[in-house]
Amino acid sequence: MAPQKTETLPIKTASDIVAARQAVRLWAAEMKFSLVDQTKIVTATSELARNTVQHGGGGHMVMSIVESGIHQGLHLVFEDKGPGIADVEAAMRDGFTTAGGMGLGLSGSKRLMSQFTIETKVGEGTRVAVTRWK
Amino acid sequence: MSKLAEIFQKHQDDIVADWSKGMSSANRRKDLISDADLKAQSTELFAAIAKASKTGSLSDIEGSDWREVREILSSISASRAKQGFTPTETASFVLSLKQPVNSRLRKEMAKDPEGLIDETTTANGLIDKMALHTSEAFLTTREQLIARQQEDMLELSTPVVKLWDGILALPVIGTLDSARTQVVMESLLKTIVETNSKIAIIDITGVPTVDTLVAQHLLKTITAARLMGAECIISGIRPQIAQTIVHLGINLNDIITKSKMADAFALALQRTGKIVVSMNKAAAPKKTEHGKDN
Ligand SMILES: Nc1ncnc2c1ncn2[C@@H]1O[C@H](COP(=O)(O)OP(=O)(O)OP(=O)(O)O)[C@@H](O)[C@H]1O
Ligand SMILES: [Mg+2]
């Protein structure tokens, strides 16, 4: 699954989140994802990038186009060196929030994407990788 | 005191005169700055440089001896950023000091070629550092300008319009972040009270992404409006957004939504006890009445 194209963006401020959404929208459109799929991918990007800034204290996003057999996919990795998540299972539940949010960012992104993995360690950081296949 | 610093002291007026004369057309914008202003800036800056070089290091300008120079450079950059100079033009102003300084060094140190090379290197390094400082200060000013413009936009882009007696519309365009929501919410609530409105239509056709934060902000606004006695209708939810919202798990069941602003308006009229009738239809019964008379 060697990526065909890859790019890294900083995710540190609110305007970085906007820039990340725009970059992902552009790539998703170039890859000819349907309008609904584009919207889903961009919305997941918005959620995960915001978590990176808000909870992870900033980090970066790596976006790449991947291939599996005849399928193309958009692969996004959000990484930070923040506090990590103590109870991932709880964080993945609808409505769980430690910051007065809706608590739907992680669980919602999982539903919006084809694949979702989260690795996190308290005191070291969090890495969320998602893919949407065409 | 180093040779360079000595030369700065001794030939201050000559160097400034040379510098002003030699400002190339590349950095000379007569449309943006007058000769007199430019001369004044050069004189002030060079006097500070000469003073700092007496006691301060000549290899960096971060020390306290160079504070005045840094301040002058920053204020020159700031005023130029606002006047519309490019960053290159602004840095060139400082870089063009190399020519008069170098030629003065050559003149004064003709008998000491090795010393000349050293002093020239030091002088050029120093001037480069000042130019870099100018560029950074220039960018900072630009960023501040942009931030202020964004704030202005924030207020400009959230108009609350009265569609009819008791009916308001709030077309939201762009990203609905926390700062924006605060402004939107305040102006909506204020207008609800002022106009004694019963219904507010929030149109989100112009919002590119509806994520949980935007949804939460919308829900907060709606709750606040309810407390003021007004019901909200959300319009402009495009099909792809509707699907995404459902997948995210956001529950809009308690909210009245319409895909089009026109439908929202029709509903609002109905709720406030008004209907829109076509003029043709309104005229039709008259005709039949007239017909009956016949
Ligand atoms: N990158 C991260 N670093 C540390 N903690 C995180 C990170 N991402 C998520 N979390 C934790 O997981 C919780 C759930 O995240 P989720 O995105 O689902 O909800 P939220 O961010 O609280 O609210 P919202 O619905 O607005 O996204 C967060 O409240 C936070 O405690
Ligand atoms: Mg979140």
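Residues numbered from 1 in each chain as written. Chains lettered and ligands numbered in written order. Predicted model: local features only at pLDDT ≥ 70, side-chain atom pairs only at ≥ 80, totals over all residues. Heavy atoms only, no water.

Undergrad: Even after reading the chapter, I still don't get the overall build of chain A, so can you show me in this structure?
TA: Check the secondary structure of chain A and you find four helices and five strands. Residues classed as buried in chain A amount to 49% of the 134 residues present. Across chain A, the fraction of contacts at a sequence separation of at least 24, relative to all contacts at a separation of at least 6, is 63%. When the accessible area of chain A is evaluated, it comes to approximately 6,400 Å², of which 54% is carbon and sulfur surface. (Helix = DSSP H or I, 4+ residues; strand = E, 2+ residues; numbered from the N terminus. Buried < 20%, exposed > 50% of the residue type's maximum accessible area, 1.4 Å probe, protein only. Contact = heavy atoms within 4.5 Å. Areas by Shrake-Rupley, 256 points an atom, 1.4 Å probe, with all protein chains shown as cover.)

Undergrad: Is there a simple way to think about the interface of chain B and chain A in this case?
TA: In many reports, interface size means the accessible area that the parts give up when they come together. In this assembly, 18 residues from chain B lie in contact with 21 residues from chain A. Between chain B and chain A, a total of about 1,600 Å² is buried, with carbon and sulfur atoms accounting for 59% of that surface. A salt bridge links Asp211(B) to Arg50(A), with the nearest nitrogen and oxygen atoms 3.4 Å apart. Put simply, chain B and chain A have nine residue pairs in polar contact (both at pLDDT 80 or more) between them. Every element with two or more residues in the side of chain B that touches chain A is listed here: helix 9 (212–227) and helix 10 (239–248) of chain B. (Buried area = accessible area lost by both parts, 1.4 Å probe. Salt bridge = Lys/Arg side-chain N within 4 Å of Asp/Glu carboxyl O. Polar contact = N/O pair within 3.5 Å; in protein donor to acceptor, adjacent residues only side chain to side chain.)

Undergrad: Sorry, what's going on with the sheet that holds strand 4 (residues 115–121) of chain A here?
TA: Sheet strands pair via backbone hydrogen bonds, and the direction of the pair is either parallel or antiparallel. All names here are of chain A. The five strands lie next to each other as 1-2-3-5-4, forming an open sheet whose pairing is antiparallel. Looking at which strands have only one partner, the edges of the open sheet turn out to be strand 1 (5–11) and strand 4. Direction aside, the axes of adjacent strands within the sheet are offset by 15 degrees on average. In this structure, strand 3 (residues 71–80) lies alongside strand 5 (residues 125–133), joined through eight bridges in antiparallel fashion. Residue pairing in the sheet places Leu76 in a bridge with Val130 of strand 5. (Pairing = 2+ DSSP bridges. Axes fitted to C-alpha atoms, helices over the stretch in contact; angles between N-to-C directions.)

Undergrad: It is not clear to me how the nonpolar core should be interpreted in this structure. Could you clarify?
TA: One broad rule of soluble globular proteins: the nonpolar side chains tend to lie buried together. One finds Met61(A), Leu74(A), Leu76(A) and Ile202(B) to be the most contacted residues of the largest nonpolar core, which totals 60 residues. The residues contacting Met61(A), other than those within four sequence positions of it, are Glu7(A), Thr8(A), Leu9(A), Ile11(A), Ala20(A), Val24(A), Thr45(A), Leu76(A), Val77(A) and Phe78(A). If you look at the next biggest cluster of nonpolar residues, it comprises 35 residues, including Ile49(B), Ala50(B), Leu58(B) and Met130(B). (Core = buried A, V, L, I, M, F, W, Y, C linked by side-chain atoms within 4.5 Å.)

Undergrad: Is there a simple way to think about the sheet that holds strand 3 (residues 199–206) of chain B in this case?
TA: Residues and elements named next belong to chain B. The strand order across the open sheet formed by five strands is 1-2-3-4-5, and the pairing between neighbours is mixed. The open sheet has two free edges, formed respectively by strand 1 (161–164) and strand 5 (256–258), since each of these has just one partner strand. Averaged over all pairs of adjacent strands, the angle between strand axes in this sheet comes to 30 degrees, irrespective of strand direction. The pairing of strand 4 (residues 231–235) with strand 5 spans three bridges and is parallel.

Undergrad: Quick question: what am I supposed to make of a nonpolar patch on the surface here?
TA: All names here are of chain B. A cluster of nonpolar residues, Val161, Leu163 and Trp164, forms a patch on the protein surface that exposes about 260 Å² of accessible area. Tracing the backbone shows Val161 in strand 1. For Val161, a relative accessible area of 37% translates into the label partly exposed. (Patch = residues over 30% accessible without salt bridge, like charges linked within 9 Å, V, L, I, M, F, W, Y side chains within 5 Å.)

Undergrad: Help me understand the pairing of strand 5 of chain A, please; the structure alone is not making it clear to me.
TA: Here is the key point about a regular strand: its side chains alternate between the two faces of the sheet. Residues and elements named next belong to chain A. Most of strand 5 is tucked away, with eight of its nine residues classed as buried. Sheet analysis places strand 4 next to strand 5, joined by seven bridges and oriented antiparallel. Across the sheet, the residue bridging to Phe116 is Val130, located in strand 5. Between strand 4 and strand 5, which pair antiparallel one after the other, the connecting turn spans three residues, and Gly123 there sits at a positive phi close to 85 degrees.

Undergrad: Explanation requested: the site of ligand 1 in the structure shown.
TA: Surrounding ligand 1, one finds 20 residues, the nearest of these being Asn51(A), His55(A), Thr97(A), Thr98(A) and Gly103(A). The local environment of ligand 1 is shared, drawing residues from chains A and B. Measuring from an oxygen atom of ligand 1, one finds a side-chain N or O atom of Glu47(A) at 3.4 Å. One of the backbone nitrogen or oxygen atoms of Gly103(A) is found 2.9 Å away from an oxygen atom of ligand 1. (Near = heavy atom within 4 Å.)

Undergrad: Any chance you could explain unusual backbone geometry here in plain terms?
TA: Negative phi characterises most residues that are not glycine, and trans characterises most peptide bonds. Of note in the backbone geometry, Lys32(A) takes a positive phi value of approximately 65 degrees without being a glycine. By the secondary structure assignment, Lys32(A) is in the loop between helix 1 (14–30) and helix 2 (35–54). Phi angles above zero are rare outside glycine, and Asn196(B) is one such case at about 50 degrees. Within the fold, Asn196(B) resides in the loop between helix 8 (178–195) and strand 3.

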